[in-house]
Every structure is written in structure tokens, then in C-alpha cells.
Amino acid sequence: MELDDAYANAAHIEGAEAYPGRWAEAAAGFREGMLEQGLAELDISYGDSPRQVFDLFQPAGKAKGLLVFVHGGYWLKFDKSYWSHLAAGALEKGWAVAMPSYDLCPDVSIADISRQIAHMIPQAAAMVSGPILLAGHSAGGHLVARMATPGMLPAQVAVRVARIMPISPVADLRPMVKTSMNADFKMEMSDAAMESPTLMLPMPGMDVVVWVGAEERPAFLEQATALAEAWRCDCVVDPGRHHFDVIDGLADTDSRIIARLLPE
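Residues numbered from 1 in each chain as written. Predicted model: local features only at pLDDT ≥ 70, side-chain atom pairs only at ≥ 80, totals over all residues. Heavy atoms only, no water.

1. Description of the packing of helix H3 (residues 110-125) against helix H4 (residues 139-147)
And then number 1: Taken N-terminus to C-terminus, the directions of H3 and H4 make an angle of 65°; their axes are 10 Å apart at the nearest point. For the pair H3 and H4, the sense of crossing is right-handed. Every residue of H4 that contacts H3 at Ile110, Ile113, Ser114, Ile117, Ala118 and Ile121 is listed here: His142, Leu143, Arg146 and Met147.
And then number 2: Partitioned by chemical class, the residues of the contact of H3 with H4 number seven nonpolar, two polar and one charged. (Axes fitted to C-alpha atoms, helices over the stretch in contact; angles between N-to-C directions. Helix = DSSP H or I, 4+ residues; strand = E, 2+ residues; numbered from the N terminus. Left-handed = near helix turned anticlockwise from the far one by under 90°. Contact = heavy atoms within 4.5 Å. Nonpolar A, V, L, I, M, F, W, Y, C, P; charged D, E, K, R; others polar.)

Put into C-alpha cells, the structure is as follows:
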């Protein structure tokens, strides 16, 4: 298909095939440690399918608030079990972290996944008081950006959202129609437009900062900058980072991305 290579991240990252295994290993070790400390609650159901579950990690003391991290994988693959270790940076700063899985295409549509995340966030928010931060990577960046748009989150939850960070997001879904992945997405151009945050406006007062790696595919740099321009928000281009390691800083309490994500 016309745009397959433009959105093929792994083909342009050296050693890409090793990343999923490293993510899964680091995440499993992190969960084991959190469970031993009694600071993790796993597989909390938020919907009626087996994948509609989330993990909640708590800091040692009272939480300052809640960070929800939504994973990527082009709405086609992965689940929460690959990313648990990325909670470390926010946890060390005193924030609770929730990480959901969600149903995948082609079993459901991308619009269905957006609705699932919108249903998950209020349930997690009821378990942790204080402000809410939303971060998501790639397809997860799309999903958290959708949460900033009107009608997605209940008003009593939306008012608690202190910051949203779409990381390397696919914020305009229309190019996805021109990839072979659309065999699973099953989108017409009109469907893609209706799920594209770049073509919408966020709710008034939403604090949004877009984050993207400087070494990413041109299509992802364009996606990030286009969303920031449409929403008149900051876009941080992280030097030396590509699509797979741009999220590494979430595990490091002293990283640039944690400093920008967490309120002072």
C-alpha cells in the first residue's frame, strides 16, 4: 500500500526485533517487585471482554494523583504486560500509575477502542484522588489525545485532568487508510477523519504537550507537529530518540520526559 513504508518503524530501527522481548522482561520484573511490596493490583476489570483490564501501581506513600499510560502497537498488538516498568519514573515522584489493555483491531474498531479507554479512565480515577495525567505512545498517543476532545470523558473526570502527553502519536488517521493495516482497521476515509484529533479541538483549558523523537520516521514528526499546530500546544522533539526508545525516559525519575509530564 502507498504509505506502508512511511509508517514502518521497525524496518528503520537497528535491532528492532529485540525490543519487545526486552520490554516484556523488564515489565515482568517490575511487576514482581511491586507485588512483593504490596503496591500493585493487577487485572482490574473495566469492561466485559478479557482484554478490558488494567494494572494499578501505587507509590509507597499517599499518591499525589494518577497517571494513566496507554500503550501503542497500531491498535493491533501488545497489551499492558509489556510496559509496567515505564511506571517507575512517576511512581518515584509519588504518582500512582494505571496501565490498561484494550481490545484490538480487527475484533473491534479504533472508535470502539477510544470508547474503551474513555470508560477505563473514570474507573481508575475513582481509585486514586487528586489530579489525573494521561500519556500514551503511538496509537496510545492517539487514544489519550482523543480523551482531550469534547464528549469523551465525564465532566467530573475531565476537570481533574491536569496534563495530557501524546507521545509520537498517530493523530491524523487518514493516512492509515492508505496502508495495508487498513485491512484490519476497516476504515473509510470518513471513519478515519472522525477519529483524528488533529481535525478536532481539545476541550477548553486542557494542558497538552506533544512529545516525539528527533530520529523518528518523517511521518511521525509530521503527525506530532501537525497536532501541536492544530491545538496550539507545545511539541517537544527529543534529541537522539526513535520511535521505540522515545518512551524509555518514563522509567527514569530524572528524565526530560518525566520533568515535562509531571506538574511541578
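2. Structural notes on the pattern of salt bridges
And then number 1: According to the stated counting rule, one finds eleven salt bridges in the structure shown.
And then number 2: Across the salt bridge formed by Asp245 and Arg241, the nearest N and O atoms sit 4.0 Å from each other.
And then number 3: Ionic contacts of the salt-bridge type, sharing partners, join the residues Asp43, Asp55 and Lys80 into one network. (Salt bridge = Lys/Arg side-chain N within 4 Å of Asp/Glu carboxyl O.)

3. What about unusual backbone geometry?
It is generally the case that most residues other than glycine have a negative phi and that most peptide bonds are trans.
And then number 1: A cis amide bond links Cys105 to the next residue, Pro106, at an omega of 5°.
And then number 2: Of note, Pro106 is situated in the loop between strand S4 (96-100) and H3.
And then number 3: Positioned with a positive phi, Asp43 is a non-glycine residue whose angle comes to about 60°.
And then number 4: Along the polypeptide, Asp43 turns up in strand S1 (residues 40-45).
And then number 5: Looking at Asp43, the relative accessible area reads 48%, which means it is partly exposed.
And then number 6: Despite not being glycine, Ser168 shows a phi value in the positive range, around 45°.
And then number 7: Position of Ser168 among the secondary structure elements: in the loop between strand S6 (161-167) and helix H6 (182-185). (Buried < 20%, exposed > 50% of the residue type's maximum accessible area, 1.4 Å probe, protein only.)

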